[in-house]
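Here is what each chain is made of, one letter per residue.
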Amino acid sequence: MARILSATLPIAYIVLRILIVLNWLYGAAVLGLVIFANTYPAWFMKAIDVPAGLDPKPIMTGLTAVATLGVLAVPLNHLILTRLLRMVETVSRGNPFIRANAFRLNAIAWALLALQLLSMVIGWIGKSIASKQFPLHLDAGFSVNGWLAVVLIFVLARVFAEGALMREDLEGTV
């Protein structure tokens, strides 16, 4: 088991580093899309197949809001990815139960909570601009799994905090 764990840590480290870069590229792409869509709204409306006769203003406003919220998700994702990266480093050194990891998990839980709220707002915006003439299906809204992940990470943060205290007590008695 230890051999499998030791083989997965370098892979996790590399994957997290790649995801950090991809996250920022995603943010730049979405920001570029917002700028492009607002610079050339007629072309953008045609590109996303908005039927003639529909008022494009609410659709543009809604999609701009969705994209802006998507850009706001980038720093939250960055927070999660960088905290995970630091945790992988501590695990690879054989020292996962430290206070810093408890704080990292707590920060990750708050970021996941914020992402869940963003997803719900994005889902609501998508539903408010969708119609029979312009069906819009966004992968956003309420997610039971997402909310379970938030609760799980808050609990894990507490477990790590208790583990760190136990480790500190043990080191203090030796």
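Please refer to the structure placed before this passage.
Residues numbered from 1 in each chain as written. Predicted model: local features only at pLDDT ≥ 70, side-chain atom pairs only at ≥ 80, totals over all residues. Heavy atoms only, no water.

The next subject is the overall build of the chain. Helices and strands together make up the secondary structure of the chain, namely five helices and zero strands. The helix and strand sequence of the chain, counted from the amino end, reads α-α-α-α-α. Dimensions of the chain, computed from C-alpha atoms along their principal axes, come out at roughly 75 × 25 × 25 Å. Counting only residues that meet the buried cut, the chain has 33% of its 174 residues in that class. Residue pairs at least 24 apart in sequence account for 75% of intrachain contacts in the chain once pairs closer than 6 positions are excluded. Treating the 13 positive side-chain charges of the chain as one cloud and the 8 negative ones as another, the clouds have centres 5 Å apart. (Helix = DSSP H or I, 4+ residues; strand = E, 2+ residues; numbered from the N terminus. Buried < 20%, exposed > 50% of the residue type's maximum accessible area, 1.4 Å probe, protein only. Contact = heavy atoms within 4.5 Å. Lys, Arg positive; Asp, Glu negative; His and termini not counted. Charge placed at Lys NZ, Arg CZ, Asp CG, Glu CD.)

Taking 1.5 Å of rise per residue, 30 residues should cover 44 Å, and helix H5 (residues 144-173) covers 43 Å from first to last C-alpha, within 8% of that figure. Three or more residues of H5 are buried, namely Gly146, Val150, Ile153, Ala157, Phe160, Gly163 and Ala164. For H5, the secondary structure elements touched by its buried residues are helix H3 (56-92) and helix H4 (99-129). (Expected span 1.5 Å × (residues − 1).)

This paragraph deals with the nonpolar core. Core analysis: the biggest nonpolar cluster contains 17 residues, and Leu105 and Ile108 have the highest contact counts within it. For this core, the secondary structure elements donating two or more residues are H3, H4 and H5. Counting residues per element, this core draws most heavily on H4, which supplies nine residues. Contact partners of Ile108, with chain neighbours within four places excluded, come to Leu79, Ile80, Arg83, Leu84, Met87 and Ile153. (Core = buried A, V, L, I, M, F, W, Y, C linked by side-chain atoms within 4.5 Å.)

Our next topic: the pattern of salt bridges. Per the stated rule, a full pass over the model turns up three salt bridges. Taking the shortest distance from any N to any O, the salt bridge between Arg99 and Glu168 comes out at 2.9 Å. Residue Arg99 is found in helix H4, and its partner Glu168 is found in helix H5; the two are separated by 69 residues along the sequence. A relative accessible area of 33% means that Glu168 is categorised as partly exposed. (Salt bridge = Lys/Arg side-chain N within 4 Å of Asp/Glu carboxyl O.)

Relative to each other, H3 and H4 sit at 165°, their axes nearing to 9 Å. Compared by their axis directions, H3 and H4 come out roughly antiparallel. When you trace H3 past H4, the crossing you get is left-handed. Per-class residue counts for the contact of H3 with H4 are 25 nonpolar, five polar and three charged. (Axes fitted to C-alpha atoms, helices over the stretch in contact; angles between N-to-C directions. Parallel < 35°, antiparallel > 145°, perpendicular 65-115°, else oblique. Left-handed = near helix turned anticlockwise from the far one by under 90°. Nonpolar A, V, L, I, M, F, W, Y, C, P; charged D, E, K, R; others polar.)

These figures capture arrangement, not role.
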